[in-house]
Amino acid sequence: QTPGTIAPPKHSGSAGFQERDYELDLGGCIARGYQLLKDNFNVLFLAALVFAGIEGFFALLGAIPFIGPVFSIANMVISGPLTGGLLFVFLLTLRGQPTEVGDVFSGFRQCFGQLFLGKLIPGLLAGLCIIPLVIAIVLLVAVPSATHHHPPDAKTILILIPIGLVCLIPIIYLQTCWAFTLPLIIDKGMDFGAAMKASWKMVNKHWWQVFGLTLLISLVNIAGMFACLVGLLFTLPIGFGALMYAYETIFGDQKN
């Protein structure tokens, strides 16, 4: 394989990994993600920069009045393939296979529909969990405001906060369970349903470990945001690398 070409999906071991057990070294994943970025800075930093630039660009366009929703819908279409391509760049790099910045767009050349669905369907299912909060807002805020023309009082807000927190619990659980859906699609050639099922099964063997890793990655990225957002350009690729090392530990042909 030469740079610019994409390795074929790895079907080997796609079923065998479901019978194994694993242990995640959370700090080790972060450390290896940092080392991966350090050793392959040009490719991984630029790949993450392209990804962040495109996502940020569509987010800005989505804020434009009237026409913004068009760009938000467009971003929903490209987000799955773009994220899958970025993760594949990190996966190829940690495996020592040649890759280049342009491979961020590999998700548009292969598995486009499955990556789109692999991002959309988990998001929609997790989004259903906020229905109780939406109903509460309508009943406690929208209807009274339309009738009496006054903003919600402190009592209403105190009621909405715990409802929102309760809704957040299943969202976090589901998003953690499906954390590896996209890399399973682009790496092993699974359809989105099989990838969601496999991610769910393997993550639930040690859900708290995977959640701990995603939480740790989030904290690293938050620290990057405090550095005038510039630090986020460095912490994002560290987080992606850490997640892909966890993926290799759980789903790879050989345990790392």
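Residues numbered from 1 in each chain as written. Predicted model: local features only at pLDDT ≥ 70, side-chain atom pairs only at ≥ 80, totals over all residues. Heavy atoms only, no water.

A. Focus on the overall build of the protein chain. Regarding its fold elements, the protein chain presents 11 helices and 0 strands. Each helix and strand of the protein chain, placed in order from N terminus to C terminus, yields the pattern α-α-α-α-α-α-α-α-α-α-α. Of all intrachain contacts in the protein chain linking residues separated by at least 6 positions in sequence, the fraction that spans at least 24 positions is 77%. In the structure as shown, the protein chain presents an accessible area of about 12,800 Å², 74% of it carried by carbon and sulfur atoms. (Helix = DSSP H or I, 4+ residues; strand = E, 2+ residues; numbered from the N terminus. Contact = heavy atoms within 4.5 Å. Areas by Shrake-Rupley, 256 points an atom, 1.4 Å probe, with all protein chains shown as cover.)

B. Looking closely at a nonpolar patch on the surface. Together, Leu125, Leu128, Ile130, Ile131, Val134, Ile135, Val138, Leu139, Leu140 and Ile159 make up an exposed nonpolar region whose accessible area comes to about 800 Å². It is helix α6 (residues 131-148) that provides the largest number of residues to the nonpolar patch, a total of 6 residues. (Patch = residues over 30% accessible without salt bridge, like charges linked within 9 Å, V, L, I, M, F, W, Y side chains within 5 Å. Salt bridge = Lys/Arg side-chain N within 4 Å of Asp/Glu carboxyl O.)

C. Seen up close, the packing of aromatic side chains. Using the criterion set out here, one finds 17 aromatic pairs in the structure. With a centroid separation of 6.2 Å and 25° between ring planes, the pair formed by Phe41 and Phe234 is classed as stacked. Of the two residues, Phe41 sits in helix α2 (residues 41-62) while Phe234 sits in helix α11 (residues 232-251), which places them 193 residues apart along the sequence. Judged by centre distance (6.3 Å) and plane angle (40°), the rings of Phe180 and Tyr247 are tilted. Here Tyr247 lies in helix α11 and Phe180 lies in the loop between α7 (154-177) and α8 (181-188), a separation of 67 residues in the sequence. (Phe/Tyr/Trp six-rings, centres within 6.5 Å; stacked < 30°, edge-to-face > 60°.)

D. Main features of the confidence of the model for the protein chain. When pLDDT is averaged along the protein chain, the result is 89, and 90% of the positions lie at 70 or above. In the predicted structure, residues 1-13 sits below a pLDDT of 50 and forms 35 contacts with residues beyond four places in sequence or in another chain. (pLDDT = per-residue confidence, 0-100.)

E. Expanded view of α8. Summarising burial for α8: 8 of the 8 residues are buried, a large majority. Inspection of α8 places Thr181, Leu182, Pro183, Leu184, Ile185, Ile186, Asp187 and Lys188 among the buried residues, and these make up the whole buried set. Contacts from the buried residues of α8 go to α3 (68-94), α4 (106-109), α5 (112-127), α9 (192-203) and α11. Looking at the residues trailing α8, positive phi occurs at Gly189, about 70°. (Buried < 20%, exposed > 50% of the residue type's maximum accessible area, 1.4 Å probe, protein only.)

F. Spotlight on unusual backbone geometry. The backbone phi angle of Phe66 is positive, close to 70°, even though this residue is not glycine. Inspection of the secondary structure assignment puts Phe66 in the loop between α2 and α3. The exposure class of Phe66 is exposed, given its relative accessible area of 84%.

G. Highlighting the packing of helix α1 (residues 26-39) against helix α10 (residues 207-226). Relative to each other, α1 and α10 sit at 45°, their axes nearing to 9 Å. When the interaxial angle is binned, α1 and α10 end up oblique. Seen along the crossing, α1 lies across α10 with a hand that is right-handed. Counting all contacts with α1, which are made through Leu26, Gly27, Cys29 and Ile30, the residues of α10 involved are Gln209, Gly212, Leu213, Leu216 and Ile217. Of the residues contributing to the contact of α1 with α10, the split by class is 6 nonpolar, 3 polar and no charged. (Axes fitted to C-alpha atoms, helices over the stretch in contact; angles between N-to-C directions. Parallel < 35°, antiparallel > 145°, perpendicular 65-115°, else oblique. Left-handed = near helix turned anticlockwise from the far one by under 90°. Nonpolar A, V, L, I, M, F, W, Y, C, P; charged D, E, K, R; others polar.)

H. The nonpolar core, seen in detail. Of all hydrophobic cores here, the largest spans 48 residues; its most connected members are Phe180, Leu184, Met244, Ile250 and Phe251. For this core, the secondary-structure elements that each account for two or more residues are α1, α2, α3, α8, α9, α10 and α11. Counting residues per element, this core draws most heavily on α11, at 11 residues. With residues near it in sequence (within four places) discarded, Met244 still touches Leu87, Phe90, Leu91, Leu94 and Pro183. Counting 6 residues, the second-largest nonpolar core is a separate cluster that includes Ala126, Cys129, Leu174 and Met196. (Core = buried A, V, L, I, M, F, W, Y, C linked by side-chain atoms within 4.5 Å.)

I. Focus on the environment of Met190. For Met190, the location among the structural elements is in the loop between α8 and α9. What makes Met190 buried here is its relative accessible area of 12%.

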